[in-house]
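# Commentary on secondary and tertiary structure
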Amino acid sequence: MERASSAGSGKRQGMDTAHLVRKGRQALARGNALDEAEAAFRSALNANPENRDAVLGLAVSLRGARRLDEAAQLLDRWLDNHAEDAAAHCHAGLVSHLQARPLDAARHLCLSLTLDPKSAYALDALRRIELEQLDRGSDWPEDAVPAFTALSAAEELLRGNVTDPDAMILLATALRGCRRLDKAAALLKGWIARQPDDADACTQLGLTLYRDGAAGDGLAILLRAVALAPDRGKAVAVFRRVAFAAAAQPDIPERVEALLSRRPLPELVDFPRQLFIAAGTMATADEPEQARRLFEEGRRLDPGNPVCDWHLFNLRPLPRHDLAESLIALLPADMRLVVVDVGARGGAELSGWSPVLSRVDLHGFEPDEQACRDLEATIPNDGARYRYHPVALDRQAMSGRDLYLTRNRWCSSFYPPNHPILRRLKQYGRDGQLGDLDQEFVVEETANPVTTTLDAFWTEASPGDLDFIKLDVQGAELDILEGGTVALGRTSGLLVEVEFIALYEGQPLFADVDRFLRRQGFHFFSFLFTHTGHFAGRRRSPVTCEEPASHRFARQVGGQWVSADALYLRDPITDGIKPESAGELWRWVRLAILADLHEQTEFAFEVAGWAAEHAHRLGLPEAAALSDLIQA
């Protein structure tokens, strides 16, 4: 009787588990119920920890929520005891791919196919990842070759059945992964000779030829695959990806245009224009003339296209000048540019100052004493004079405020992190990897650094004019500015990091900083977006719209600007200033130098011309040289 009761209980438990798994799958099918799916699969696992469907369903739920570490740990635990589970290896491969671990992705997916060569899902995943590698301009790492070599079973399958297309495609994929491209191409060409209407084989051959350096021939066979494919969408996607990957190669955009003119396809009606634009964008940095030609071709196909017009505008030849270098040479020999860098961790940011570095005195402030010592030990030999101060600037001296030291020390601040907002955000880090922004701001400890004010420091140092201030102190910029109103009166320009949303609790935002600086007589000139930390995406979104910056200006599509570097300069012309001494005039000549260094060149010329007029009025001997410089 007891055994019957136990058997009945086990049967009910099995029914409950099956019901929970079915409920989880239904939630996954709805696409927007990942939390519900996760809860159902976890309940099923609580009832039966060895239920394979619950494990794989939970892995899919976690992967969809981008909780990739949890998904990887779950699958690793399962595979420790079920190493022959082909589907689990397939899911582990997809998770590894999303974690940017291509070697592990290849290993898991190849093992999945070794265990189940007929797994269309694993093969499709492997091919999709290969195409995504193309988007990044990269290949499988060298260490992945052994994983693809393990797919030798595909060759045996093909020998056993020479008409098996799945085995042929699996073998072609394995050969590409092993970088045996000649053999892969020969296999596919032989197959297509016998099966000329096989769209999948044509797709594989086109991809192989591109990988082997014959992009034009590969695109021609891919276009044939598009024409043959019953599911044209997949073939079109491969054609587009290969064409974009090869876009910057000589004559590829023109060849694609010629191919499509002979075989027009509705899905690719506007593709030549897109390709010319992509090719031009890829060529802008190193081949401006080639880029200009490609953008002109794109505009020919689509007259008035704003993207082409924008690029052509930025590629226009600019007048060459050496204004900053010429102006610095006119200054009295003992006159130097005085710069204050607050938040100097990582070193002074003077990369664009090379024409004037030999005349720069820089004072850097960094409360971390070890960081200061490191900076002192690594001062560059570029002609500038550097001095670093291991104190923090604040609104008041000896303020006693806590400094919140975060996991990423670049994010440390006098203000505590605003985790309810940070948890919603994701962004690319300095290493180019996408991550949750919240993790960078985890507070590991607090410190009470020695603090002083900008005014107190400047009164003691008594250096006269302070030409430029750079502030990057994670939300405390306004506090420092309010403690430096006297010093600001002798300052000509600032570069201040400002936030548009509160990354820290209670921090001032851009509007607060802007209002204060305008009251101090500064004029806003521009935002400088210099890295991907200035914008963020949304953690709970299944897509990522922003991309890491490869150049000075971070490309952003769809993310939110969270911060920027704001440039403020004095404007003596607008403010009606009339210099009455040579010393006062030289201050404004130094302003023109600063403006030119920060890409405000037209304003720099305007100020230099204004200074030349006043130099003539004051009878200064440099007046003629200033006038000649402006006319040149």
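Here is a short report on the structure shown in this document.

Reading the values: rules and limits
Residues numbered from 1 in each chain as written. Predicted model: local features only at pLDDT ≥ 70, side-chain atom pairs only at ≥ 80, totals over all residues. Heavy atoms only, no water. Pairing = 2+ DSSP bridges. Helix = DSSP H or I, 4+ residues; strand = E, 2+ residues; numbered from the N terminus. Right-handed = clockwise from strand over helix to strand, strands pointing away. 1 Å grid on protein atoms, 1.4 Å probe; cavity = no way out; pocket = protein on both sides within 12 Å on 5 of 7 lines; lining within 4 Å. Points joined across faces, edges and corners; volume = space filled by probe spheres on them. Nonpolar A, V, L, I, M, F, W, Y, C, P; charged D, E, K, R; others polar. Buried < 20%, exposed > 50% of the residue type's maximum accessible area, 1.4 Å probe, protein only. Lys, Arg positive; Asp, Glu negative; His and termini not counted. Salt bridge = Lys/Arg side-chain N within 4 Å of Asp/Glu carboxyl O. Polar contact = N/O pair within 3.5 Å; in protein donor to acceptor, adjacent residues only side chain to side chain. Axes fitted to C-alpha atoms, helices over the stretch in contact; angles between N-to-C directions. Parallel < 35°, antiparallel > 145°, perpendicular 65-115°, else oblique. Left-handed = near helix turned anticlockwise from the far one by under 90°. Contact = heavy atoms within 4.5 Å. Core = buried A, V, L, I, M, F, W, Y, C linked by side-chain atoms within 4.5 Å. Phe/Tyr/Trp six-rings, centres within 6.5 Å; stacked < 30°, edge-to-face > 60°.

## A word on the pairing of strand β3 (residues 385-389)
- Sheet topology note: the strand β2 (residues 360-365)/β3 ladder contains 5 bridges and is parallel. Paired with Leu362 across the strands is Tyr386, a residue of β3.
- Regarding topology, helix α20 (residues 369-377) serves as the crossover connection from β2 to the parallel β3, and that connection is right-handed.

## Observations concerning the layout of surface pockets
- What the second largest pocket holds in volume is close to 630 Å³.
- Asp124, Arg127, Asp200, Gln204 and Lys234 are the residues nearest the centre of the second largest pocket, which is lined by 27 residues in total.
- Listing elements by their share of the lining of the second largest pocket, those giving two or more residues are α7 (120-135), α10 (165-177), α12 (199-211) and α14 (232-245).
- By residue number, the principal contributor to the lining of the second largest pocket is α7, which donates 6 residues.
- Taken together, the residues that form the lining of the second largest pocket break down as 14 nonpolar, 3 polar and 10 charged.

## A few points about empty space enclosed by the protein
- Counted according to the given criterion, the structure contains 1 cavity of 30 Å³ or more.
- Of the pockets and cavities examined, the largest cavity occupies roughly 40 Å³.
- Gly475, Glu477, Leu478, Glu497, Val498, Glu499, Gln507, Pro508, Leu509, Phe510 and Val513 together form the lining of the largest cavity.
- Only α24 (477-482), β11 (491-499) and α26 (510-519) provide two or more residues apiece to the lining of the largest cavity.
- The element that contributes the greatest number of residues to the lining of the largest cavity is β11, accounting for 3 residues.
- Broken down by class, the residue content of the lining of the largest cavity amounts to 6 nonpolar, 2 polar and 3 charged.

## Examining the side chain of Glu477
- In this fold, Glu477 is placed in helix α24.
- Within the buried set, Glu477 has no salt-bridge partner at all; the shortest N-O distance to an opposite charge, 8.8 Å, is to Lys470.
- At 2.8 Å, the side chain of Glu477 and the backbone nitrogen of Val473 are in polar contact.

## Thoughts on the packing of helix α27 (residues 582-597) against helix α28 (residues 601-618)
- Running from N to C, α27 and α28 cross one another at 165 degrees; their axes reach a closest spacing of 7 Å. Classified by the interaxial angle, the pair formed by α27 and α28 is roughly antiparallel. Both α27 and α28 take part in a crossing whose hand is left-handed. Counted together, Leu585, Trp588, Val589, Leu591, Ala592, Ala595 and Asp596 of α27 and Thr601, Phe603, Ala604, Val607, Ala608, Trp610, Ala611, His614 and Ala615 of α28 form the full contact between these two elements.
- Grouping the constituent residues of the contact of α27 with α28 by class yields 13 nonpolar, 2 polar and 1 charged.

## A short note on the nonpolar core
- Counting 47 residues, the largest nonpolar core has Leu327, Trp353, Val356, Val360 and Ile593 as its most contacted members.
- Among the elements that line this core, the one with the most residues is α27, at 10 residues.
- Judged by nonpolar contacts, the second largest core, of 43 residues, contains Phe441, Leu478, Leu488 and Tyr504.

## Description of the packing of aromatic side chains
- Enumeration according to the criterion identifies 15 aromatic pairs in this entry.
- Plain terms: the ring middles of Phe500 and Phe527 are 5.5 Å apart, the flat faces sit at 90 degrees to each other, and that makes the pair edge-to-face. Remark: Phe527 occurs in strand β12 (residues 523-528) and Phe500 occurs in the loop between β11 and α26; sequence separation between them is 27 residues.
- Put simply, the rings of Phe500, Phe510, Phe524, Phe527 and Tyr568 touch in pairs and so form one group of aromatic residues.

Geometric descriptors of this kind do not, in isolation, establish any biological role.
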